[in-house]
Amino acid sequence: MTVNLVQEFEYTSKFISCVSVNNSFVFSTDNGLLIVDIQSDLFRPSVDYKVFRTSIPFSKEKPFEDKNFNEIRFQTPVVCQEHNLTVYPNSRNWHVIYMGNNSNIVFLEKNNNKWIEKLSDIPQKWFLIVSKKPCFLIDKKNLSIFKTENRILYYCREKEKSLQIKNFVFTHTLKHENETEVYGTICCHLNNMLTFWSTSSEKSFFLKEFEFYTVSIKHIKWFQISSELFWLVVSLTNGQVYVHEILNYPNVHCTFILWPDEDFACVKNIQVESISNDKCLIFFTKMSFVLVMLYSLSEKQILSTKKEMIPKTAIIPGFTIVLEKNLLILVTDVGKFICMYFSAIKSEVTYTLKIVNNNFSEQVQNYTCTSVVFSKNECICVLTFQCNIAKYSKNDGHVKNKLLFCTIPENLVELEKKILSINDCDYENVIDCIETLRINRMDDTLDKVCQLDRKSLDKLSIQHLKFTYWNIAFKIKKNEHDENVLQELQMLLHTRHIISYFSNKKKKFKKEDQYYCRTMLSYYMNKLSVEYVQVKVDAANLIGSFTGSKHTYFCNTCKRILLSFTDFRMFVCEQEHKELRCPVTLGPLGMPSLVCSMCFTMANVNAENQSCVWCFGKYVPNKLLF
């Protein structure tokens, strides 16, 4: 069982933080944001990812007007820091949000493949709200101390510095207004004040402030425990961890301490997962330690706490949880993968550890893993490595940092289950699974003979047939037996698709289309094995319903009527003139046409938004896609 390196990129930039959104990974560097998109192209001859990289420089923020003193405020450049890079949760729109040292929260919205930058009004609003009435102005006796407006201005500027935002987090969707999602935004300020806002796009409204801590806050995280209960988890610089329970945003219902020890080991990663209506598991890392807690929501107490130190590790930069497998996948600072299989029985948590090999140890001998991000379905991960060899000058640029793209072993994730769970045109939700399947099969050196269970295939869904078909099609080295199996599966898939498409009683089909369907199905019935009983019965019923249909389609070259159809790809007349046909509607292809976004099969414009006949893609306008 090995984690396989698929691609490696080198950069002179230093990686600070990373997040995963849909089919992309977003990295903050010291020069800007690096956005890496993963697109699936099923016919690539290599096993690497089809990766598109977009570099976006940090915002050159505009000055804003200080309404208190009627002057223009110039802001310092943005520096993205760890835990200050996030995305809108469960949003239809794709927003990447980051924050700089001047407290501006910057929204990046992807529109027509271009990134639009918007600035939040939270910092300006907050500074103006608090700076509007300096405390010394309330006591008129102290006014003599401040003889000039400059002293008042200096006081407010110093106070403003302590109010700057150092961390923020977004909640779940609170409500919808005019088809726009409204979120909660919780900001943590340098003076340890928490402020609660209501955010719609880049506009925010101040709701409430909350002050609780005397120790500096490291970072905050938001978790949805149930449909009504939410946790705001706060990690302090002294190592303590607090939880604020919120039932009705922005009101804090109650507060309890999750980790009371002042060990001055800051939490690097934390995740909360509900395992029942009454219990949840809490995972977090401190330096080289992994801590697992079982918490009872009804009893309001921690039932069990387990702590494990990973040897030869200084820090654990990241992890992910695969609930279907009761598995926690950890990544250490040297790029080592460790599986923690856990189980919760009554009020006790047990676990076992297992090390997973990787094939990239030599590439990272002089590097330290600083952050890890996993794809949506936990089957792809990207590791950022920083060179740990000392540089002798600021201009020493020959030492580069690295991004490593890896695939997780199939037995640790649910590839088949997740691919088969998709509905038509929802393949984007499992692009990472399809890419992992493709790469694993292309690397598969075992010469297994594929034995078809035709009685089983006869009853499988179209999605399951596609999965079976591509499992074999992805193999680089295919023998004659594999090619014959693929041809049979291709015919079976197309037969099932035609039956499904032309059995739709809501659609009205022309006589020519019915004739194409009848002729094509008759051809397939003669080719398919007798073991496909149900498929042949369904095909015969559809052929019987289209008995009286005829066609009047003529060859575009010799103008003769077409009397026979022997290929789903094209029409062939008596003079052997060939013309492309649509695999969905079975009629002439025509121009303009559509093309599958993953396997590039062409289709008629009438098939727009339909899922591909053979793969998991959908038909899109036939143009230069990428």
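Located above this text is the structure these notes cover.
Residues numbered from 1 in each chain as written. Predicted model: local features only at pLDDT ≥ 70, side-chain atom pairs only at ≥ 80, totals over all residues. Heavy atoms only, no water.

Draft legend 1. Spotlight on the overall build of the protein chain. Of regular secondary structure, the protein chain possesses 9 helices and 35 strands. Relative to its full complement of 626 residues, the protein chain shows a buried share of 53%. Sequence separation of at least 24 residues holds for 52% of the intrachain contacts in the protein chain that already meet a minimum separation of 6. Summed over its atoms, the accessible surface of the protein chain is roughly 30,500 Å², and 49% of this surface lies on carbon and sulfur atoms. (Helix = DSSP H or I, 4+ residues; strand = E, 2+ residues; numbered from the N terminus. Buried < 20%, exposed > 50% of the residue type's maximum accessible area, 1.4 Å probe, protein only. Contact = heavy atoms within 4.5 Å. Areas by Shrake-Rupley, 256 points an atom, 1.4 Å probe, with all protein chains shown as cover.)

Draft legend 2. Just the nonpolar core, in detail. Counting 105 residues, the largest nonpolar core has Phe-27, Phe-337, Phe-360, Leu-383 and Phe-405 as the members making the most contacts within it. Tallying contributions element by element places helix H7 (residues 480–502) first for this core, with 10 residues. (Core = buried A, V, L, I, M, F, W, Y, C linked by side-chain atoms within 4.5 Å.)

Draft legend 3. Quick look at the sheet that holds strand E2 (residues 15–21). Read from one edge of the open sheet, 4 strands run E2-E3-E4-E5, paired in antiparallel fashion. A single partner strand is all that each edge strand has here, and the edge strands are E2 and strand E5 (50–57). On average, each strand axis in the sheet is inclined to that of its neighbour by 20°, with strand direction left out of account. Examined bridge by bridge, strand E4 (residues 32–39) and E5 share 8 bridges and lie antiparallel to one another. Bridged to Gln-39 within E5 is Lys-50. (Pairing = 2+ DSSP bridges. Axes fitted to C-alpha atoms, helices over the stretch in contact; angles between N-to-C directions.)

Draft legend 4. Geometry of unusual backbone geometry. The peptide bond linking Tyr-249 to Pro-250 adopts the cis configuration, its omega dihedral lying at 10°. Within the secondary structure, Pro-250 sits in the loop between strand E18 (241–248) and strand E19 (251–259). Unusually for a residue other than glycine, Phe-600 sits at a positive phi of about 65°. Tracing the chain through its elements places Phe-600 in the loop between strand E33 (594–596) and strand E34 (602–603).

Draft legend 5. Region of the structure containing the sheet that holds strand E26 (residues 337–345). With respect to topology, 8 strands assemble into an open sheet ordered E24-E25-E26-E27-E1-E30-E29-E28, the strand pairing being mixed. Bordering the open sheet on either side are strand E24 (318–322) and strand E28 (367–374), each of which pairs with just one other strand. Across the sheet, the mean angle from the axis of one strand to that of its neighbour is 30°, orientation sign disregarded. With 5 bridges connecting them, strand E25 (residues 327–331) and E26 associate as antiparallel partners. Counted as the bridge partner of Val-331 is Phe-337 from E26.

Draft legend 6. Quick look at the packing of helix H6 (residues 462–473) against H7. Two elements in contact, H6 and H7, have axes whose closest approach is 10 Å; the angle formed by their N-to-C orientations is 160°. Considering the angle they form, H6 stands roughly antiparallel to H7. When you trace H6 past H7, the crossing you get is left-handed. Contact with H6, carried on its side by Ile-462, Leu-465, Lys-466, Thr-468, Tyr-469, Ile-472 and Ala-473, involves Asp-482, Val-485, Leu-486, Leu-489, Gln-490, Leu-492, Leu-493, Arg-496, His-497 and Ser-500 of H7 and no other residues of that element. For the contact of H6 with H7, the residue count by class is 10 nonpolar, 4 polar and 3 charged. (Parallel < 35°, antiparallel > 145°, perpendicular 65-115°, else oblique. Left-handed = near helix turned anticlockwise from the far one by under 90°. Nonpolar A, V, L, I, M, F, W, Y, C, P; charged D, E, K, R; others polar.)

Draft legend 7. Representation of the packing of aromatic side chains within the structure. If you walk through the whole model with that rule in mind, you get 30 aromatic pairs. The interplanar angle of 65° and the centroid separation of 5.9 Å between the aromatic rings of Phe-15 and Phe-27 together place this pair among those described as edge-to-face. Placement of Phe-15 in strand E2 and of Phe-27 in strand E3 (residues 24–29) is noted, with a sequence separation of 12 residues between them. Members of the aromatic cluster, joined through ring pairs, are Tyr-88, Phe-107, Phe-168, Phe-170 and Tyr-183. (Phe/Tyr/Trp six-rings, centres within 6.5 Å; stacked < 30°, edge-to-face > 60°.)

Draft legend 8. Main features of the environment of Ser-522. Of note, Ser-522 is situated in helix H8 (residues 511–527). Remark: the alpha-carbon pair of Ser-522 and Lys-536, spanning 14 residues in sequence, is separated by 9.6 Å. At a separation of 2.8 Å, a polar atom in the side chain of Ser-522 contacts the main-chain carbonyl oxygen of Arg-518. (Polar contact = N/O pair within 3.5 Å; in protein donor to acceptor, adjacent residues only side chain to side chain.)

Draft legend 9. Fine view of helix H9 (residues 533–545). Across its 13 residues, H9 extends 19 Å between first and last C-alpha, which sits within 8% of the 18 Å expected from 1.5 Å per residue. Buried residues in H9 make contact with H7 and H8. (Expected span 1.5 Å × (residues − 1).)

Draft legend 10. View of the environment of Asp-538. Among the secondary structure elements, Asp-538 is positioned in helix H9. Counting along the chain gives 43 residues from Asp-538 to Thr-495, while the straight-line C-alpha distance between them is 9.6 Å.

Draft legend 11. Representation of H7. Between its first and last C-alpha atoms H7 spans 33 Å; for 23 residues at 1.5 Å apiece the expected length is 33 Å, and the two agree. Counting buried residues in H7 gives 17 out of 23 residues, a clear majority hidden from the surface. Looking at where H7 begins, the residue whose side-chain oxygen comes 3.1 Å from the main-chain nitrogen of His-481 is Asn-479.

Draft legend 12. View of the pattern of salt bridges. Within this structure, the stated rule accounts for 19 salt bridges. Asp-263 is the salt-bridge partner of Lys-286, the closest N and O atoms lying 3.2 Å from each other. Here the residue Lys-286 occupies a position in strand E21 (residues 279–286), and Asp-263 occupies one in the loop between E19 and strand E20 (267–274), the gap between them amounting to 23 residues. Relative accessible area serves as the criterion here: at 3%, Lys-286 is assigned to the buried category. (Salt bridge = Lys/Arg side-chain N within 4 Å of Asp/Glu carboxyl O.)

Draft legend 13. How the structure looks around the pairing of strand E30 (residues 401–407). Within E30, 7 of the 7 residues are buried, leaving the element largely enclosed by the surrounding structure. Residues of E30 alternate between two faces, with Asn-401, Leu-403, Phe-405 and Thr-407 on one and Lys-402, Leu-404 and Cys-406 on the opposite face, all of them buried. As defined by bridge partners, strand E29 (residues 380–387) adjoins E30 across 6 bridges and the pair is classed as antiparallel. Residue pairing across strands places Val-382 opposite Phe-405, the latter belonging to E30.

Draft legend 14. Structural context of the side chain of Ser-597. With respect to the secondary-structure elements, Ser-597 resides in the loop between E33 and E34. A distance of 3.0 Å separates polar atoms of two side chains, one belonging to Ser-597 and the other to Tyr-427.

Draft legend 15. Region of interest: the side chain of Lys-536. Within the secondary structure layout, Lys-536 lies in helix H9. As a buried residue without a salt bridge, Lys-536 has its nearest oppositely charged side chain in Asp-458, at a separation of 9.8 Å. Those residues in contact with Lys-536, other than ones at most four positions away along the chain, are Met-525, Leu-528, Ser-529 and Val-530. (Lys, Arg positive; Asp, Glu negative; His and termini not counted.)

Draft legend 16. Spotlight on the packing of H8 against H9. Two elements in contact, H8 and H9, have axes whose closest approach is 9 Å; the angle formed by their N-to-C orientations is 150°. Comparing their axes, H9 and H8 come out roughly antiparallel. The interaxial crossing formed by H8 with H9 has left-handed handedness. Seen from H8, the contacting residues are Cys-517, Arg-518, Leu-521, Ser-522 and Met-525; seen from H9, they are Lys-536, Ala-539, Ala-540, Leu-542 and Ile-543. Looking at the contact of H8 with H9, its residues break down into 7 nonpolar, 1 polar and 2 charged.

That's the geometry; what it means functionally is another story.
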